[in-house]
Amino acid sequence: QVQLVESGGGWVQPGGSLRLSCRISGSFFSFNGMGWYRQAPGKQRELVAAITDGGRTNYGDSVKGRFTISGDNAKKTVWLQMNSLRPEDTAIYYCNAAIKVQLYTAYTQKWGQGTQVTVSS
């Protein structure tokens, strides 16, 4: 069974940094891009950052210049470096990946269980 295993959330003061990681575990044929989304209480889930298997990146407007996404295809892992964190970054962060389980199946979106990031003084 394919799973996205996340780590690295926690509490940090405003202006601090955190690094999230997400690894795809289990047996599958291929994946096509990974990313991070977040959801704050009472708000919709939103894109934080995404990276294609070719290394192209995309960021949500609110995190540009502060967050950096990177990945290693061989390790099936993506990282999110979060700097200059603000209280409004507080949310549950979810890892996402488009995964093809077998050769003749379509890519489907898989989600991690979520990791809490809290930014407060």
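Everything below is about the structure shown above.
Residues numbered from 1 in each chain as written. Predicted model: local features only at pLDDT ≥ 70, side-chain atom pairs only at ≥ 80, totals over all residues. Heavy atoms only, no water.

1. Details of a nonpolar patch on the surface
Rules: Candidate patch residues must exceed 30% relative accessible area and have no salt bridge, after which like charges are joined if within 9 Å and Val, Leu, Ile, Met, Phe, Trp or Tyr side chains if within 5 Å. We get accessible surface area from the Shrake-Rupley algorithm with a probe of 1.4 Å; when it comes to residues, only the shown protein chains can shield them. When a carboxyl oxygen of Asp or Glu is within 4 Å of a side-chain nitrogen of Lys or Arg, the pair counts as a salt bridge. The rule is simple: take the accessible area with a 1.4 Å probe, protein chains only, and divide by the maximum for that residue type; under 20% is buried, over 50% is exposed, in between is partly exposed.
A cluster of nonpolar side chains, namely F29, L103 and Y104, defines an oily patch on the protein surface of about 400 Å² accessible area. Look at Y104 and you get exposed, because its relative accessible area is 78%.

2. Some thoughts on the sheet that holds strand β1 (residues 3-7)
Inclusion rule: Strand pairing is assigned whenever DSSP detects at least two bridges linking the two strands. Helix numbers and strand numbers start at the N terminus; a helix is a DSSP run of H or I with at least 4 residues, a strand a run of E with at least 2. Convention adopted: a line fitted to C-alpha atoms gives each axis, helices being fitted over their contacting stretch, and angles between N-to-C directions are expressed from 0 to 180 degrees.
The strand order across the open sheet formed by 4 strands is β1-β3-β8-β7, and the pairing between neighbours is antiparallel. Two strands in the sheet have a free side with no partner beyond their single neighbour: β1 and β7 (67-72). Each adjacent strand pair in this sheet contributes to an overall mean axis angle of 15°, direction not counted. Note: β1 against strand β3 (residues 18-25), 5 bridges, orientation antiparallel. Note on β3: the bridge partner recorded for L4 is I24.

3. Some remarks on the side chain of S30
For clarity, the cut-off: Definition of a polar contact: a pair of N or O atoms within 3.5 Å, with one able to donate and the other able to accept a hydrogen when the atoms are protein atoms, and with sequence-neighbouring residues admitted only if both atoms are side-chain atoms. A contact between two residues is defined here by any heavy atoms of the two lying within 4.5 Å.
Considering the arrangement of structural elements, one finds S30 in strand β4 (residues 30-39). Judged by its relative accessible area of 17%, S30 is buried. Reaching out from S30, the side chain makes a polar contact with the side chain of Y107 at a distance of 3.0 Å. Apart from the residues within four sequence positions on either side, S30 is in contact with A98, I99, K100 and Y107.

4. As for the nonpolar core
Threshold: By convention a nonpolar core is built from buried Ala, Val, Leu, Ile, Met, Phe, Trp, Tyr and Cys residues, the set being connected through side-chain atoms within 4.5 Å.
With 30 residues, the main nonpolar core has I24, W36, L80, M82 and Y93 as its most contacted residues. If you list the elements that add at least two residues to this core, you get β3, β4, β5 (46-51), β7, β8 (77-82), β9 (91-100) and β11 (115-119). With 5 residues, the top contributor of residues to this core is β9. Ignoring anything within four residues of it in the chain, the contact list for L80 reads L18, R19, L20, W36, V48, A49, F67, T68, I69 and Y93.

5. Topic: the packing of aromatic side chains
To keep it simple, the criterion reads: Two aromatic rings from Phe, Tyr or Trp, using only the six-membered ring of Trp, form a pair when their centres are within 6.5 Å; if the ring planes differ by under 30 degrees the pair is stacked, by over 60 it is edge-to-face, and anything between is tilted. Note on geometry: a ring has a charge over it if NZ (lysine) or CZ (arginine) is within 6 Å of the ring centre and within 35 degrees of the ring normal.
Per the counting criterion, the structure on display carries 2 aromatic pairs. Taking 6.2 Å as the distance between ring centres and 70° as the angle between the ring planes, the aromatic pair formed by F28 and F31 counts as edge-to-face. Of the two residues examined, F28 and F31, each falls in the buried class. The ring of W111 carries the charged tip of R45 above its face, separated from the ring centre by 4.6 Å.

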